[in-house]
Amino acid sequence: MAKRIRKCNLIIDTCCDLPAELVTSFDVDLIRFSFMFGEEEHLDDLGATMSSHDFYERMRRGEQPTTAQVPFNQIIESFERALQSGIPTVYLCFTAALSGTFDTASVAAKELMEKHPGTELYVVDTKLPSVAEGLFVMEAVHQLDRGLTAQEMVAWANEARYYVNGFFTLPDLESLRRGGRIPDMAAVAGAKLDIKPILSYDIDGGLTFHGVARGRKKSIKQLLQNFQDRYIAPGAEGGELVGDVAGEGLNTVFVASADAPKEQEELAEMVLRATENKVALWHAQIGPTIGSHVGPGMIAVVFWGPDRRKHVSLSDRIANAVSGR
(Lines give C-alpha, C1' and ligand atoms only; values in the text may rest on other atoms or scores of the structure.)
Protein backbone atom coordinates (compact mmCIF):
# COMPACT_ATOMS: atom_id res chain seq x y z
CA MET A 1 0.00 0.00 0.00
CA ALA A 2 1.38 3.40 -0.98
CA LYS A 3 2.39 5.67 1.86
CA ARG A 4 -0.21 8.37 2.41
CA ILE A 5 0.89 11.98 2.25
CA ARG A 6 -0.03 13.54 5.58
CA LYS A 7 0.91 16.59 7.61
CA CYS A 8 1.82 14.52 10.67
CA ASN A 9 2.52 10.97 11.79
CA LEU A 10 0.04 9.17 14.00
CA ILE A 11 0.94 6.55 16.59
CA ILE A 12 -1.70 4.44 18.32
CA ASP A 13 -1.57 1.42 20.64
CA THR A 14 -3.14 -2.01 20.84
CA CYS A 15 -5.44 -1.00 23.68
CA CYS A 16 -7.72 0.38 20.96
CA ASP A 17 -8.95 -3.23 20.45
CA LEU A 18 -9.74 -2.65 16.78
CA PRO A 19 -9.63 -5.47 14.22
CA ALA A 20 -6.05 -6.04 13.06
CA GLU A 21 -6.92 -5.68 9.38
CA LEU A 22 -8.54 -2.31 10.04
CA VAL A 23 -5.48 -1.00 11.91
CA THR A 24 -3.24 -2.20 9.07
CA SER A 25 -5.27 -0.09 6.66
CA PHE A 26 -4.69 3.03 8.78
CA ASP A 27 -1.01 3.30 7.80
CA VAL A 28 0.03 4.34 11.32
CA ASP A 29 2.64 3.08 13.79
CA LEU A 30 1.37 0.70 16.46
CA ILE A 31 2.71 0.43 20.01
CA ARG A 32 2.03 -3.04 21.41
CA PHE A 33 1.14 -3.71 25.04
CA SER A 34 2.08 -7.07 26.55
CA PHE A 35 0.53 -9.64 28.87
CA MET A 36 1.74 -12.64 30.82
CA PHE A 37 0.40 -16.08 31.61
CA GLY A 38 2.71 -17.00 34.47
CA GLU A 39 6.26 -16.71 33.06
CA GLU A 40 4.95 -16.85 29.52
CA GLU A 41 5.05 -13.39 27.89
CA HIS A 42 2.93 -12.41 24.89
CA LEU A 43 2.52 -9.26 22.85
CA ASP A 44 -0.93 -7.87 22.42
CA ASP A 45 -0.94 -7.84 18.62
CA LEU A 46 -4.72 -7.55 18.12
CA GLY A 47 -5.18 -11.30 17.97
CA ALA A 48 -2.58 -12.11 15.32
CA THR A 49 -0.70 -14.72 17.38
CA MET A 50 -3.33 -15.59 20.03
CA SER A 51 -6.98 -15.33 19.13
CA SER A 52 -9.44 -13.69 21.47
CA HIS A 53 -11.18 -17.03 21.95
CA ASP A 54 -7.95 -18.82 22.90
CA PHE A 55 -7.04 -16.05 25.35
CA TYR A 56 -10.38 -16.20 27.17
CA GLU A 57 -10.47 -20.00 27.11
CA ARG A 58 -7.27 -19.99 29.14
CA MET A 59 -8.93 -17.67 31.64
CA ARG A 60 -11.96 -19.95 31.79
CA ARG A 61 -9.61 -22.82 32.65
CA GLY A 62 -8.33 -20.84 35.64
CA GLU A 63 -5.23 -19.07 34.33
CA GLN A 64 -4.92 -15.44 35.46
CA PRO A 65 -3.03 -13.17 33.06
CA THR A 66 -1.22 -10.04 34.17
CA THR A 67 -0.43 -6.88 32.24
CA ALA A 68 2.24 -4.19 32.29
CA GLN A 69 2.75 -0.76 30.84
CA VAL A 70 4.77 -0.43 27.64
CA PRO A 71 8.57 -0.40 28.26
CA PHE A 72 10.35 2.93 27.87
CA ASN A 73 12.69 1.59 25.16
CA GLN A 74 9.80 0.39 23.02
CA ILE A 75 8.21 3.83 23.10
CA ILE A 76 11.54 5.51 22.30
CA GLU A 77 11.98 3.22 19.28
CA SER A 78 8.50 4.06 18.00
CA PHE A 79 9.08 7.79 18.43
CA GLU A 80 12.50 7.64 16.73
CA ARG A 81 10.98 5.87 13.71
CA ALA A 82 8.47 8.68 13.44
CA LEU A 83 11.14 11.37 13.77
CA GLN A 84 13.00 9.96 10.78
CA SER A 85 10.15 11.10 8.54
CA GLY A 86 10.91 14.73 9.36
CA ILE A 87 7.29 15.67 10.10
CA PRO A 88 5.50 16.18 13.44
CA THR A 89 4.10 13.20 15.33
CA VAL A 90 1.10 12.62 17.60
CA TYR A 91 0.67 9.58 19.87
CA LEU A 92 -2.92 8.89 20.92
CA CYS A 93 -2.37 6.96 24.15
CA PHE A 94 -4.48 4.58 26.21
CA THR A 95 -6.11 6.30 29.19
CA ALA A 96 -3.68 7.37 31.89
CA ALA A 97 -6.33 6.50 34.50
CA LEU A 98 -5.71 2.80 33.86
CA SER A 99 -2.05 2.67 32.83
CA GLY A 100 1.26 4.43 33.44
CA THR A 101 2.12 4.32 29.74
CA PHE A 102 1.02 7.92 29.14
CA ASP A 103 3.50 9.15 31.77
CA THR A 104 6.26 6.98 30.30
CA ALA A 105 5.53 8.24 26.79
CA SER A 106 5.52 11.84 27.98
CA VAL A 107 8.99 11.41 29.52
CA ALA A 108 10.24 9.74 26.32
CA ALA A 109 8.87 12.56 24.17
CA LYS A 110 10.51 15.22 26.36
CA GLU A 111 13.85 13.40 26.20
CA LEU A 112 13.76 13.18 22.40
CA MET A 113 12.67 16.79 21.93
CA GLU A 114 15.59 17.93 24.10
CA LYS A 115 17.89 15.75 22.03
CA HIS A 116 16.42 17.03 18.76
CA PRO A 117 15.49 20.72 19.20
CA GLY A 118 12.64 21.88 17.00
CA THR A 119 11.03 18.44 16.94
CA GLU A 120 7.24 18.34 17.27
CA LEU A 121 6.20 15.28 19.25
CA TYR A 122 2.90 15.24 21.11
CA VAL A 123 1.49 12.66 23.52
CA VAL A 124 -2.29 12.85 24.02
CA ASP A 125 -4.15 11.06 26.80
CA THR A 126 -7.27 9.80 25.03
CA LYS A 127 -8.91 9.26 28.44
CA LEU A 128 -10.63 6.30 26.80
CA PRO A 129 -10.31 2.53 27.36
CA SER A 130 -10.50 -0.34 24.91
CA VAL A 131 -12.88 -0.07 21.98
CA ALA A 132 -13.90 3.45 23.09
CA GLU A 133 -10.31 4.38 22.29
CA GLY A 134 -10.74 2.41 19.07
CA LEU A 135 -13.75 4.42 17.91
CA PHE A 136 -11.84 7.60 18.73
CA VAL A 137 -8.75 6.44 16.81
CA MET A 138 -10.85 5.50 13.80
CA GLU A 139 -12.19 9.04 13.54
CA ALA A 140 -8.73 10.51 14.23
CA VAL A 141 -7.36 8.71 11.17
CA HIS A 142 -10.26 10.11 9.16
CA GLN A 143 -9.44 13.62 10.38
CA LEU A 144 -5.74 13.08 9.63
CA ASP A 145 -6.57 12.18 6.04
CA ARG A 146 -8.61 15.35 5.80
CA GLY A 147 -5.39 17.29 6.32
CA LEU A 148 -5.07 18.12 10.02
CA THR A 149 -1.67 19.27 11.21
CA ALA A 150 -0.15 17.85 14.39
CA GLN A 151 -1.27 20.83 16.46
CA GLU A 152 -4.75 20.66 14.96
CA MET A 153 -4.89 16.92 15.70
CA VAL A 154 -4.00 17.56 19.34
CA ALA A 155 -6.66 20.25 19.63
CA TRP A 156 -9.23 18.00 17.95
CA ALA A 157 -8.35 15.03 20.18
CA ASN A 158 -8.48 17.04 23.40
CA GLU A 159 -12.07 18.01 22.63
CA ALA A 160 -13.43 15.01 20.69
CA ARG A 161 -12.54 12.46 23.38
CA TYR A 162 -15.43 13.68 25.55
CA TYR A 163 -17.99 12.84 22.85
CA VAL A 164 -17.18 9.11 22.83
CA ASN A 165 -19.92 7.45 24.88
CA GLY A 166 -19.79 3.84 25.96
CA PHE A 167 -21.32 1.30 28.31
CA PHE A 168 -20.48 -2.30 29.13
CA THR A 169 -21.65 -5.13 31.30
CA LEU A 170 -19.98 -8.16 32.89
CA PRO A 171 -21.42 -11.61 33.56
CA ASP A 172 -20.54 -11.35 37.27
CA LEU A 173 -18.75 -9.21 39.85
CA GLU A 174 -15.81 -11.57 40.38
CA SER A 175 -13.36 -9.76 38.10
CA LEU A 176 -14.11 -6.46 39.86
CA ARG A 177 -13.61 -8.13 43.24
CA ARG A 178 -10.32 -9.64 42.12
CA GLY A 179 -9.13 -6.22 40.94
CA GLY A 180 -9.98 -4.68 44.30
CA ARG A 181 -12.75 -2.47 42.90
CA ILE A 182 -15.49 -3.93 45.13
CA PRO A 183 -15.41 -5.77 48.50
CA ASP A 184 -15.53 -9.58 48.65
CA MET A 185 -18.92 -9.54 50.36
CA ALA A 186 -20.41 -7.36 47.61
CA ALA A 187 -19.32 -9.90 45.00
CA VAL A 188 -20.79 -12.79 47.02
CA ALA A 189 -24.08 -10.96 47.52
CA GLY A 190 -24.16 -9.98 43.85
CA ALA A 191 -23.72 -13.58 42.76
CA LYS A 192 -26.60 -14.75 44.97
CA LEU A 193 -28.90 -12.03 43.60
CA ASP A 194 -27.73 -12.54 39.98
CA ILE A 195 -26.68 -8.89 39.80
CA LYS A 196 -24.87 -7.78 36.66
CA PRO A 197 -22.96 -4.48 36.78
CA ILE A 198 -23.40 -1.79 34.14
CA LEU A 199 -20.22 0.23 33.80
CA SER A 200 -18.86 3.16 31.84
CA TYR A 201 -15.85 5.46 32.17
CA ASP A 202 -15.57 8.94 33.64
CA ILE A 203 -14.14 12.07 32.00
CA ASP A 204 -10.66 11.13 33.24
CA GLY A 205 -10.86 7.70 31.62
CA GLY A 206 -11.32 5.63 34.75
CA LEU A 207 -13.96 2.92 35.07
CA THR A 208 -17.16 3.87 36.85
CA PHE A 209 -20.39 2.15 37.88
CA HIS A 210 -23.44 3.24 35.94
CA GLY A 211 -25.97 0.87 37.47
CA VAL A 212 -26.93 -2.77 37.89
CA ALA A 213 -29.38 -5.20 36.33
CA ARG A 214 -30.88 -8.48 37.53
CA GLY A 215 -29.84 -11.16 35.06
CA ARG A 216 -27.76 -11.24 31.90
CA LYS A 217 -30.56 -10.54 29.42
CA LYS A 218 -31.69 -7.49 31.37
CA SER A 219 -28.14 -6.17 31.55
CA ILE A 220 -27.83 -6.34 27.75
CA LYS A 221 -31.19 -4.61 27.36
CA GLN A 222 -29.91 -1.93 29.72
CA LEU A 223 -26.92 -1.38 27.43
CA LEU A 224 -29.35 -0.80 24.59
CA GLN A 225 -31.38 1.63 26.70
CA ASN A 226 -28.26 3.57 27.63
CA PHE A 227 -27.33 3.71 23.95
CA GLN A 228 -30.77 4.99 22.98
CA ASP A 229 -30.68 7.61 25.75
CA ARG A 230 -27.38 9.07 24.53
CA TYR A 231 -27.25 8.33 20.81
CA ILE A 232 -27.59 11.33 18.48
CA ALA A 233 -29.22 10.36 15.20
CA PRO A 234 -28.01 11.95 11.95
CA GLY A 235 -29.92 15.19 11.33
CA ALA A 236 -31.20 15.42 14.91
CA GLU A 237 -31.70 18.94 16.14
CA GLY A 238 -28.54 20.21 17.79
CA GLY A 239 -26.69 17.04 16.89
CA GLU A 240 -23.56 17.21 14.74
CA LEU A 241 -22.56 14.04 12.92
CA VAL A 242 -19.09 13.29 14.29
CA GLY A 243 -18.33 9.69 13.41
CA ASP A 244 -19.20 9.62 9.72
CA VAL A 245 -15.98 7.86 8.73
CA ALA A 246 -17.41 6.29 5.59
CA GLY A 247 -18.95 9.55 4.35
CA GLU A 248 -22.38 7.96 4.09
CA GLY A 249 -24.22 10.13 6.60
CA LEU A 250 -24.09 7.42 9.26
CA ASN A 251 -22.63 7.52 12.75
CA THR A 252 -20.15 4.76 13.57
CA VAL A 253 -21.13 2.39 16.40
CA PHE A 254 -19.06 -0.46 17.85
CA VAL A 255 -20.49 -3.50 19.56
CA ALA A 256 -17.74 -5.50 21.23
CA SER A 257 -17.36 -8.55 23.43
CA ALA A 258 -14.84 -10.55 25.39
CA ASP A 259 -15.52 -13.80 23.53
CA ALA A 260 -19.31 -13.72 23.84
CA PRO A 261 -20.27 -13.90 20.13
CA LYS A 262 -23.92 -14.89 20.57
CA GLU A 263 -24.74 -12.03 22.94
CA GLN A 264 -22.60 -9.64 20.93
CA GLU A 265 -24.63 -10.41 17.81
CA GLU A 266 -27.84 -10.09 19.80
CA LEU A 267 -26.92 -6.59 20.96
CA ALA A 268 -25.79 -5.63 17.46
CA GLU A 269 -29.16 -6.62 16.03
CA MET A 270 -30.92 -4.65 18.77
CA VAL A 271 -28.88 -1.55 17.91
CA LEU A 272 -29.68 -1.89 14.22
CA ARG A 273 -33.41 -2.25 14.92
CA ALA A 274 -33.38 0.71 17.31
CA THR A 275 -31.72 2.94 14.71
CA GLU A 276 -33.58 1.54 11.68
CA ASN A 277 -30.21 0.40 10.28
CA LYS A 278 -29.03 4.02 10.10
CA VAL A 279 -25.63 3.40 11.66
CA ALA A 280 -22.31 2.08 10.42
CA LEU A 281 -22.02 -0.90 12.78
CA TRP A 282 -18.68 -2.54 13.55
CA HIS A 283 -17.83 -5.59 15.61
CA ALA A 284 -14.71 -5.81 17.79
CA GLN A 285 -13.13 -8.08 20.37
CA ILE A 286 -11.94 -6.89 23.77
CA GLY A 287 -8.20 -7.50 23.82
CA PRO A 288 -6.00 -8.94 26.55
CA THR A 289 -5.03 -5.66 28.24
CA ILE A 290 -8.61 -4.91 29.30
CA GLY A 291 -9.65 -8.56 29.11
CA SER A 292 -7.13 -9.56 31.79
CA HIS A 293 -9.06 -7.40 34.24
CA VAL A 294 -12.68 -7.96 33.18
CA GLY A 295 -12.54 -11.61 32.16
CA PRO A 296 -14.58 -13.40 29.49
CA GLY A 297 -18.15 -12.39 28.75
CA MET A 298 -17.93 -8.59 28.74
CA ILE A 299 -20.34 -6.91 26.29
CA ALA A 300 -19.94 -3.27 25.23
CA VAL A 301 -21.53 -0.64 23.01
CA VAL A 302 -19.56 2.48 22.07
CA PHE A 303 -20.74 5.39 19.95
CA TRP A 304 -20.50 9.12 19.32
CA GLY A 305 -22.91 11.02 21.51
CA PRO A 306 -23.32 14.13 23.67
CA ASP A 307 -20.49 15.80 25.56
CA ARG A 308 -19.92 13.58 28.60
CA ARG A 309 -18.71 16.55 30.63
CA LYS A 310 -22.35 17.64 30.81
CA HIS A 311 -23.29 14.38 32.53
CA VAL A 312 -20.78 14.67 35.38
CA SER A 313 -22.44 14.16 38.77
CA LEU A 314 -22.61 16.97 41.31
CA SER A 315 -20.11 15.25 43.61
CA ASP A 316 -17.67 14.75 40.72
CA ARG A 317 -18.03 18.39 39.68
CA ILE A 318 -17.13 19.47 43.20
CA ALA A 319 -14.12 17.12 43.23
CA ASN A 320 -12.99 18.40 39.83
CA ALA A 321 -13.32 22.01 40.98
CA VAL A 322 -11.27 21.32 44.11
CA SER A 323 -8.54 19.58 42.11
CA GLY A 324 -8.51 22.32 39.47
CA ARG A 325 -9.73 20.14 36.57
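Residues numbered from 1 in each chain as written. Predicted model: local features only at pLDDT ≥ 70, side-chain atom pairs only at ≥ 80, totals over all residues. Heavy atoms only, no water.

Some thoughts on the overall build of the protein
For step 1, the next point in the chain: What the protein contains, in helices and strands, is 12 helices and 13 strands.
For step 2, the next point in the chain: Each of the 325 residues in the protein was classed as buried or not, and the buried ones make up 51%.
For step 3, the next point in the chain: Contacts in the protein between residues at least 24 apart in sequence constitute 73% of all its contacts with a sequence separation of at least 6.
For step 4, the next point in the chain: Entry remark: accessible area of the protein is about 15,200 Å², with carbon and sulfur atoms responsible for 52%. (Helix = DSSP H or I, 4+ residues; strand = E, 2+ residues; numbered from the N terminus. Buried < 20%, exposed > 50% of the residue type's maximum accessible area, 1.4 Å probe, protein only. Contact = heavy atoms within 4.5 Å. Areas by Shrake-Rupley, 256 points an atom, 1.4 Å probe, with all protein chains shown as cover.)

Structural notes on the side chain of Ser 78
For step 1, the next point in the chain: Its place among the elements puts Ser 78 in helix H3 (residues 72-83).
For step 2, the next point in the chain: When near neighbours in sequence (up to four residues on either side) are disregarded, Ser 78 contacts Ile 11, Asp 29 and Ile 31.

A short note on the nonpolar core
For step 1, the next point in the chain: In this structure, Leu 10, Phe 26 and Phe 79 are the most contacted members of the largest nonpolar core, which totals 73 residues.
For step 2, the next point in the chain: Here this core gets 9 residues from one element, more than from any other, and that element is helix H5 (residues 130-145).
For step 3, the next point in the chain: Not counting residues within four places of it along the chain, the set of residues in contact with Phe 79 comprises Ile 11, Tyr 91, Ala 105, Ala 108, Ala 109, Leu 112, Leu 121 and Val 123.
For step 4, the next point in the chain: Counting 18 residues, the second largest nonpolar core, distinct from the first, contains Leu 267, Met 270, Val 301 and Phe 303. (Core = buried A, V, L, I, M, F, W, Y, C linked by side-chain atoms within 4.5 Å.)

Some thoughts on the packing of H3 against helix H4 (residues 101-115)
For step 1, the next point in the chain: At a minimum axis separation of 9 Å, H3 and H4 run at an interaxial angle of 45°. Taken together, the axes of H3 and H4 lie oblique to each other. As H3 packs across H4, the resulting crossing turns out to be right-handed. Residue-level contacts link Phe 72, Ile 75, Ile 76, Phe 79, Glu 80 and Leu 83 of H3 to Thr 101, Thr 104, Ala 105, Val 107, Ala 108, Ala 109, Glu 111, Leu 112 and Lys 115 of H4.
For step 2, the next point in the chain: Its residues assigned to classes, the contact of H3 with H4 shows 10 nonpolar, 2 polar and 3 charged. (Axes fitted to C-alpha atoms, helices over the stretch in contact; angles between N-to-C directions. Parallel < 35°, antiparallel > 145°, perpendicular 65-115°, else oblique. Left-handed = near helix turned anticlockwise from the far one by under 90°. Nonpolar A, V, L, I, M, F, W, Y, C, P; charged D, E, K, R; others polar.)

Concerning unusual backbone geometry
For step 1, the next point in the chain: One non-glycine residue, Lys 127, adopts positive backbone phi at about 55°.
For step 2, the next point in the chain: Here Lys 127 lies in the loop between strand S7 (121-125) and H5.
For step 3, the next point in the chain: With relative accessibility at 15%, the residue Lys 127 sits in the buried group.
For step 4, the next point in the chain: One non-glycine residue, Asn 277, adopts positive backbone phi at about 65°.
For step 5, the next point in the chain: Inspection of the secondary structure assignment puts Asn 277 in the loop between helix H10 (261-274) and strand S12 (279-285).
For step 6, the next point in the chain: When its relative accessible area of 53% is taken as the criterion, Asn 277 is described as exposed.

What about a negative patch on the surface?
For step 1, the next point in the chain: Together, Glu 77, Glu 80, Glu 111 and Glu 114 make up a negatively charged patch on the protein surface.
For step 2, the next point in the chain: When residues of the negative patch are traced back to their parent elements, those giving at least two are H3 and H4.
For step 3, the next point in the chain: Its place among the elements puts Glu 77 in helix H3. (Patch = residues over 30% accessible without salt bridge, like charges linked within 9 Å, V, L, I, M, F, W, Y side chains within 5 Å. Salt bridge = Lys/Arg side-chain N within 4 Å of Asp/Glu carboxyl O. Lys, Arg positive; Asp, Glu negative; His and termini not counted. Charge placed at Lys NZ, Arg CZ, Asp CG, Glu CD.)

Regarding empty space enclosed by the protein
Rolled over the atoms, a probe as big as a water molecule pinpoints where empty space is left.
For step 1, the next point in the chain: One pass over the full model with this rule turns up 1 cavity of 30 Å³ or more.
For step 2, the next point in the chain: Looking at the largest cavity, its volume works out to about 100 Å³.
For step 3, the next point in the chain: If you go around the largest cavity, you meet 14 residues; those closest to its centre are Pro 129, Ser 130, Phe 168, Tyr 201 and Met 298.
For step 4, the next point in the chain: Of all the secondary structure elements, the ones that give two or more residues to the lining of the largest cavity are H5, strand S8 (164-169), helix H11 (288-294) and strand S13 (299-304).
For step 5, the next point in the chain: Looking at the lining of the largest cavity residue by residue, the classes come out as 12 nonpolar, 2 polar and no charged. (1 Å grid on protein atoms, 1.4 Å probe; cavity = no way out; pocket = protein on both sides within 12 Å on 5 of 7 lines; lining within 4 Å. Points joined across faces, edges and corners; volume = space filled by probe spheres on them.)

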